[in-house]
Amino acid sequence: MALTKMPPTEKIHEAYSAIADGRVVIEGNSAKVFSSDHTKTYTVQWEDEVYSSNDSASYWQGYPGYPIIAVLMIQGRLSFHATMAEHFKGINWKKLNAKYKANYAAAVSVILEELQQKGIDCTVIQDKIEKVYGELKELDIKTKRSSTRPPQPLEAARQSE
């Protein structure tokens, strides 16, 4: 059974960033994935072919968010290109996605424009992203809503104590 709802392709770029930044820590059948601004920690869990995560995309939208995609890459179930990942290091996706009002394509477009200005062939990057997206479409997994709600940012959590 393939996924019933696919994420925007831009979530793959975010997964690359999470891995490149070392923000994914796997322990047994779960992983902690830290947000790009380090204010949230998401939990990804899996058993057999069923994955869940408490990131907003996975929890509210019903498609695998970047934490699940990053875990699948680390597990070797999706392609991962370490050299390409270097291009996505240190990106504050939270800030970028807020600036572009969750228009993920616009946010990625800005990043790719910057890379192109540095002489990076973005056609190769996009081809690899599309390959991963195709693999995700064909992957025989299921996602379900986590039993844990998405975390509040650390700052908001501190203020409510």
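Model, not experiment: these values are computed from the prediction. (Residues numbered from 1 in each chain as written. Predicted model: local features only at pLDDT ≥ 70, side-chain atom pairs only at ≥ 80, totals over all residues. Heavy atoms only, no water.)

### A look at the pattern of salt bridges
Let me state the cut-off plainly: Salt bridges, as used here, are contacts in which a Lys or Arg side-chain nitrogen is within 4 Å of a carboxyl oxygen on Asp or Glu. Relative accessible area decides the class of each residue, using a 1.4 Å probe on protein chains only: under 20% of the type maximum gives buried, over 50% gives exposed, and in between gives partly exposed. Under the scheme used here, helices are H or I runs from DSSP no shorter than 4 residues and strands are E runs no shorter than 2 residues, and both carry numbers assigned from the N terminus.
Under the criterion given, the structure shown has 5 salt bridges. Lys89 is the partner of Glu86 in a salt bridge, and the nearest nitrogen-oxygen pair spans 3.5 Å. By relative accessible area, which is 44% here, Lys89 ends up partly exposed. Note that Lys131 is salt-bridged to Glu135, the shortest N-O span being 3.2 Å. Placement of the pair is Lys131 and Glu135 together in helix α7 (residues 122-138), with a separation of 4 residues, close to one helical turn. A relative accessible area of 21% means that Glu135 is categorised as partly exposed.

### Describing the packing of aromatic side chains
Going by this rule: Stacked, edge-to-face and tilted labels apply to pairs of Phe, Tyr and Trp rings (six-membered ring for Trp) whose centres lie within 6.5 Å, assigned for plane angles under 30 degrees, over 60, and everything in between, in that order. Charge-over-ring placement is defined geometrically: NZ (Lys) or CZ (Arg) within 6 Å of the ring centre, and within 35 degrees of the ring normal.
Summed over the entire model, instances satisfying the criterion amount to 5 aromatic pairs. Judged by centre distance (6.3 Å) and plane angle (40°), the rings of Tyr16 and Phe88 are tilted. In this pair, Tyr16 is assigned in helix α1 (residues 10-20) and Phe88 in the loop between α4 (82-85) and α5 (93-99), connecting sequence segments 72 residues apart. In this structure, Tyr16 and Phe88 share a single accessibility class: buried. Cluster of aromatic residues (ring-pair linked, three or more members): Tyr16, Phe80 and Phe88. Across the ring face of Tyr104, the terminal group of Lys11 is positioned such that the distance to the ring centre comes to 4.0 Å. Lying over the aromatic face of Tyr59, Arg145 brings its terminal NZ or CZ to 4.3 Å of the ring centre.

### Description of the nonpolar core
Our working definition: Joining through side-chain atoms within 4.5 Å is the link that ties buried Ala, Val, Leu, Ile, Met, Phe, Trp, Tyr and Cys residues into a set, and such a set is a nonpolar core. Whether two residues are in contact is decided by their heavy atoms, any of which lying within 4.5 Å being enough.
In this structure, Ile12, Tyr16, Leu72, Met73, Leu78 and Phe88 are the most contacted members of the largest nonpolar core, which totals 41 residues. Mapped onto this core, the elements with two or more residues apiece are α1, β2 (30-34), β3 (41-47), α3 (66-74), α4, α5, α6 (104-117) and α7. Looking at this core, the element that brings in the most residues is α3, giving 7 residues. Look past the residues within four positions of Phe88 in its chain and what remains in contact with it is His13, Tyr16, Ser17, Asp21, Trp93, Ile111 and Ile125.

### Notes on the pairing of β3
What counts here: Strands pair, by our definition, only if DSSP identifies at least two bridges between them.
With 5 bridges connecting them, β2 and β3 associate as antiparallel partners. Residue pairing in the sheet places Val33 in a bridge with Tyr42 of β3. Summarising the sheet, β3 and strand β4 (residues 50-53) pair through 4 bridges and their orientation is antiparallel. For Gln45, the partnering residue across the bridge sits in β4 and is Ser52. Where β3 hands over to β4, the hairpin turn is made up of 2 residues, of which Asp48 adopts a positive phi near 55°.

### Topic: the environment of Ile111
Of note, Ile111 is situated in helix α6. C-alpha of Ile111 to C-alpha of Arg77: the two residues are 34 residues apart in sequence and 26 Å apart in space. Discounting chain neighbours no more than four positions away, the residues touching Ile111 are Phe88, Ile91, Trp93 and Leu96.

That is the geometry; function is a separate question.
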